[in-house]
Amino acid sequence: MIIGYIPRNAELYNALQTAGFTLVFKPTVMHLEKKRLTTKGNVDAELVLYAAAIEYENYDKAVIVSGDGDFACLAEYLKKNDKLKKIVTPTAKYSKLLKPYNDFILPLKEISESIRPTTKKVEK
């Protein structure tokens with residue numbers, strides 16, 4: 001998983017790694033967006049490169065987690081090579097460039113309850 005590193009998300013990164021994900025951290029940049037300071041990871045190019053070339057032989061199917069049309073070329077490549085499993089979109093709205101892949105689209109809301117971590121009570 002290629003992800004921009006944000007220190008306050010360390011617990012999330014640890015949970016993902018514990019669950020078996022390999023994380024590749026990229027530097028982030030801060031910028032103003034609608035008068036709010038936001039953090040941007042800028043991992044689009046790296047994700048396409050890793051999925052289509054560097055790690056291509058190391059997985060059977062890919063799940064793209066994004067609604068960004070920048071990944072339409074990756075979706076097309078993976079579909080053409082029978083490696084596209086799903087495109088999980090953060091909301092029901094996503095780029096028109098991903099519309100040709102509607103059969104692969106899965107809004108996060110539809111699976112959020114099934115992937116939500118559960119907290120276990122520790123008995124003393």
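Coordinates for the structure precede this section.
Bear in mind the structure is a predicted one, so any value in this text is a computation, not a measurement. (Residues numbered from 1 in each chain as written. Predicted model: local features only at pLDDT ≥ 70, side-chain atom pairs only at ≥ 80, totals over all residues. Heavy atoms only, no water.)

## Some thoughts on the packing of aromatic side chains
- Scanning the entire structure with this criterion turns up 5 aromatic pairs.
- Ring geometry for Tyr5 versus Tyr13: centroids 5.3 Å apart, planes at 35°, classification tilted.
- Using a relative accessible area of 2% as the deciding quantity, one classes Tyr13 as buried.
- Joined through ring pairs, the aromatic side chains of Tyr5, Tyr13 and Phe25 make up one cluster.
- Looking at Lys83, its charged tip hangs above the ring of Tyr56, at a distance of 4.2 Å from the centre.
- Over the ring of Tyr59 we find Lys83, and its NZ or CZ is 4.4 Å from the ring centre. (Phe/Tyr/Trp six-rings, centres within 6.5 Å; stacked < 30°, edge-to-face > 60°. Buried < 20%, exposed > 50% of the residue type's maximum accessible area, 1.4 Å probe, protein only. Lys NZ or Arg CZ within 6 Å of the ring centre and 35° of its normal.)

## Describing the pairing of strand β6 (residues 84-89)
- Inspection of the sheet shows strand β5 (residues 62-65) paired to β6 by 4 bridges, in the parallel sense. Bridge assignment links Ala62 to a residue of β6, and that residue is Leu84.
- In this fold, the crossover linking β5 to β6 by way of helix α3 (residues 72-80) has right-handed handedness.
- Of the strand pairs in this sheet, β6 and strand β7 (residues 105-107) are connected by 3 bridges, and their pairing is parallel. (Pairing = 2+ DSSP bridges. Helix = DSSP H or I, 4+ residues; strand = E, 2+ residues; numbered from the N terminus. Right-handed = clockwise from strand over helix to strand, strands pointing away.)

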